Amino acid sequence: MPRKTQGTGLIPLRKIAAIIPAAGYSSRMGLYKPLLPIGSSLVIENTIATFREAGIEDIRVIIGHKAHLLLPVLDRLGVKAIINDKYHGGMYTSVQQGVRTLDDATEAFFFLPVDYAAVKPDTVLKLLQNNAEKPCDVIYPVYNGKRGHPPLITTGFKDAILSGEPKGGLQTLLTALGKETRDVAVDDEGILIDIDTETDYLNLIRGEMPFFPTREECLAILQKYQPQEKVLAHILAVTRAAETLSEYLNSSGMRLHLGVIMAAAMLHDVAKGEKNHAMKGRDIIVSLGYPEIADLIGTHMELEPESLQEINERTILYLADKIISGDHFVPLEERLTLRMDKYKEQEVQDIIRKRIGQAETIKQNVEQKLGKKLNAILSELSLTASKAR
């Protein structure tokens, strides 16, 4: 049956696929892009929904770096995961891996990198309608005279794509081979917006989610307050622990704000060495215009009992700080022993027991949510800590 779409009439259902590369390192971003929250979804969920809501059933997500985190998401969504073992070679290897898996019945495919998370389903529908009326080699969406993503590409280019990477990548190849191309004007600025950096992400979520300083800005703040080298090493290890836990939790279905967690972890000890450093750090970060980050910093030493049962940015920061001793991961039971051996005063030991006990409660909740032991998840932190020094 043809698909009825708003304002477009009937669209004959041809065999059209969607290829979504999500195999990269997110190196310029720093935060792991596919699992960033955007509105009530994650970036990868939003990109997939763009095609699903437009009626595309054959959606293929190309994964590589941190594939173990994306597989559970794709499985929940019922989307085909394609492993790219050569992802370290760059985006074009994902283009090739996706195209290689297309069956002979597929006439054309959309190509949309995962970080183009603001594209509207109506844009995809408009390209489908245009292609149904008269197929051609490549159809580009255009906004204000600029071509964007996702192009709709004929599978007639399959052999050329697989033969090798041209200088300039896919765009160069399409320009060289696309004898019949068409631009379709769309009312969708999202075709031009990729989340390449933290600033891009902040611009996309501005007004919808808490604002946070970028990693570079956090480092500049730390430089101003000049924490000792060992404190900085601890900060970096806590940040890695908090980010790792948050990525796993978002993979399991949560929507933790990775940017907020990163910034709070980076700045949680900005006032280390001063009396009541958590509250002093909170005041510093409030003065810089980041109240949500400051709120988390103010509670990283001790939580209210009623907050312990929740898994959120606050409890993840608290837990990460307690499982990092110096600049390396230490199981909570070992951390308790170390602290009790160091401090012999009864009053101090009571505080230590309380704080480690609170962290243990959060740990158990996290492990129950993930179905995995924390020790196994964070075993990589010993390597991270050595790099952080």
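Being a predicted model, the structure only gives us computed values, none of them experimental.

Participant: Before we go on, may I ask you to explain the overall build of the chain in this structure?
Facilitator: Of regular secondary structure, the chain possesses 17 helices and 14 strands. In terms of overall dimensions, the chain has a C-alpha envelope of 80 × 40 × 40 Å along the principal axes. Per-residue burial over the chain gives 54% buried out of 389 residues. Summarising the internal contacts of the chain: among those between residues at least 6 apart in sequence, 70% fall at separations of at least 24. Of the accessible surface of the chain, which amounts to about 18100 Å², a share of 49% is contributed by carbon and sulfur atoms. In the chain, the 47 positive side-chain charges and the 51 negative ones have mean positions that sit 2 Å from each other.

Participant: Even after reading the chapter, I still don't get the nonpolar core, so can you show me in this structure?
Facilitator: For soluble globular proteins, the rule of thumb is that nonpolar side chains tend to be buried together. One finds Phe110, Ile285 and Ile323 to be the most contacted residues of the largest nonpolar core, which totals 104 residues. Excluding anything up to four places from it in sequence, Ile323 contacts Ala241, Leu245, His328, Phe329, Val330, Leu332, Arg335, Leu374 and Leu378. In terms of nonpolar packing, the next biggest core, distinct from the first, is built from 18 residues, Ile62, Tyr92, Leu102 and Ile161 among them.

Participant: Sorry if this is basic, but what is going on with the packing of aromatic side chains here?
Facilitator: For any pair of aromatic rings, geometry is given as the distance between the ring centres together with the angle between the planes. On inspection of all chains with the given rule, the structure shows four aromatic pairs. Residues Tyr201 and Phe212 carry aromatic rings whose centres are separated by 6.2 Å and whose planes lie at 45° to one another, so their mutual orientation is tilted. Of this pair, Tyr201 sits in helix 7 (residues 198–205) while Phe212 sits in the loop between helix 7 and helix 8 (215–225), and the two are 11 residues apart along the sequence. Given a relative accessible area of 0%, Phe212 falls into the buried group. Positioned above the aromatic ring of Tyr32, the side-chain terminus of Lys66 is 5.0 Å from the ring centre.

Participant: Sorry if this is basic, but what is going on with the pairing of strand 7 (residues 80–83) here?
Facilitator: The side chains of a regular strand alternate between the sheet's two faces. Of the strand pairs in this sheet, strand 6 (residues 58–63) and strand 7 are connected by four bridges, and their pairing is parallel. The residue bridging Val61 from the neighbouring strand is Ala81, located in strand 7. For the crossover that starts at strand 6, traverses helix 2 (residues 67–77) and ends in the parallel strand 7, the hand is right-handed.

Participant: Even after reading the chapter, I still don't get the environment of Phe157, so can you show me in this structure?
Facilitator: Along the polypeptide, Phe157 turns up in the loop between strand 11 (152–154) and helix 5 (158–163). On the accessibility criterion, Phe157 (7% relative accessible area) is buried. Taking C-alpha positions, Phe157 is 9.8 Å from Val138, a pair spaced 19 residues apart along the chain. If we ignore the near neighbours within four places in the chain, the residues touching Phe157 are Asp137, Val138, Leu174, Leu177 and Gly178.

Participant: Teacher, can you tell me more about the packing of helix 12 (residues 291–298) against helix 13 (residues 313–322) here?
Facilitator: In helix packing, the relevant descriptors are the interaxial angle and the interaxial distance, both defined with respect to the helix axes. At their nearest, the axes of helix 12 and helix 13 sit 9 Å apart, and the two run at 45° to each other. With respect to each other, helix 12 and helix 13 are oriented oblique. Crossing of helix 12 against helix 13: the hand is right-handed. Along its contact with helix 12, which presents Asp295, Leu296 and Ile297, the element helix 13 presents Glu313, Arg314 and Leu317. Of the residues in the contact of helix 12 with helix 13, the class split is three nonpolar, no polar and three charged.

Participant: Before we go on, may I ask you to explain the pattern of salt bridges in this structure?
Facilitator: Should their charged atoms come close, side chains of opposite charge can pair. Applying the stated rule across the entire model yields 18 salt bridges. When the shortest N-O distance is used, the salt bridge between Arg314 and Asp295 registers 2.5 Å. Of this pair, Arg314 sits in helix 13 while Asp295 sits in helix 12; the two residues are 19 residues apart in sequence, bridging distant segments of the chain. Residue classification places Arg314 among the partly exposed positions, given a relative accessible area of 23%.

Participant: It is not clear to me how the pairing of strand 9 (residues 138–143) should be interpreted in this structure. Could you clarify?
Facilitator: With six of six residues buried, strand 9 lies mostly within the body of the structure. Residues of strand 9 alternate between two faces, with Val138, Tyr140 and Val142 on one and Ile139, Pro141 and Tyr143 on the opposite face, all of them buried. Relative to strand 11, strand 9 runs antiparallel, the two sharing two bridges. Looking across to strand 11, one finds that Ile139 is bridged to Leu152. Bridge count for strand 9 against strand 12 (residues 181–185) is five bridges, and the pairing is parallel. Across the sheet, the residue bridging to Ile139 is Arg182, located in strand 12. Here strand 9 pairs with strand 10 (residues 146–147) via two bridges, running antiparallel. Bridging across to strand 10, Val142 finds its partner in Arg147. Following strand 9, the chain reverses through two residues before pairing antiparallel with strand 10; Asn144 in that reversal takes a positive phi of roughly 50°.

Participant: Would you explain the side chain of Asn365 in this entry?
Facilitator: Structurally, the position occupied by Asn365 is in helix 15 (residues 346–370). For Asn365, the residues in contact, after removing those within four places along its chain, are Leu308, Gln309 and Ile311.

Participant: Is there a simple way to explain helix 3 (residues 91–100) in this structure?
Facilitator: Residues three or four positions apart in an α-helix share a direction because the helix packs 3.6 residues into each turn. Most of helix 3 sits inside the fold, with seven of its 10 residues counted as buried. Turning to helix 3, its buried residues number three or more, namely Tyr92, Thr93, Ser94, Val95, Gln96, Gly98 and Val99.

Participant: Help me understand helix 7 in this model?
Facilitator: Regarding helix 7, the residues found buried are Glu198, Tyr201, Leu202 and Ile205. Angularly, the buried residues of helix 7 cover 100° about the axis, an arc narrow enough to put them on a single face. Downstream of helix 7 by a residue or two, Gly207 has a phi angle that is positive, lying close to 90°.

Basis of the calculations
- Residues numbered from 1 in each chain as written.
- Predicted model: local features only at pLDDT ≥ 70, side-chain atom pairs only at ≥ 80, totals over all residues.
- Heavy atoms only, no water.
- Helix = DSSP H or I, 4+ residues; strand = E, 2+ residues; numbered from the N terminus.
- Buried < 20%, exposed > 50% of the residue type's maximum accessible area, 1.4 Å probe, protein only.
- Contact = heavy atoms within 4.5 Å.
- Areas by Shrake-Rupley, 256 points an atom, 1.4 Å probe, with all protein chains shown as cover.
- Lys, Arg positive; Asp, Glu negative; His and termini not counted.
- Charge placed at Lys NZ, Arg CZ, Asp CG, Glu CD.
- Core = buried A, V, L, I, M, F, W, Y, C linked by side-chain atoms within 4.5 Å.
- Phe/Tyr/Trp six-rings, centres within 6.5 Å; stacked < 30°, edge-to-face > 60°.
- Lys NZ or Arg CZ within 6 Å of the ring centre and 35° of its normal.
- Pairing = 2+ DSSP bridges.
- Right-handed = clockwise from strand over helix to strand, strands pointing away.
- Axes fitted to C-alpha atoms, helices over the stretch in contact; angles between N-to-C directions.
- Parallel < 35°, antiparallel > 145°, perpendicular 65-115°, else oblique.
- Left-handed = near helix turned anticlockwise from the far one by under 90°.
- Nonpolar A, V, L, I, M, F, W, Y, C, P; charged D, E, K, R; others polar.
- Salt bridge = Lys/Arg side-chain N within 4 Å of Asp/Glu carboxyl O.
- Arc of directions from axis to C-beta.

That's the geometry; what it means functionally is another story.
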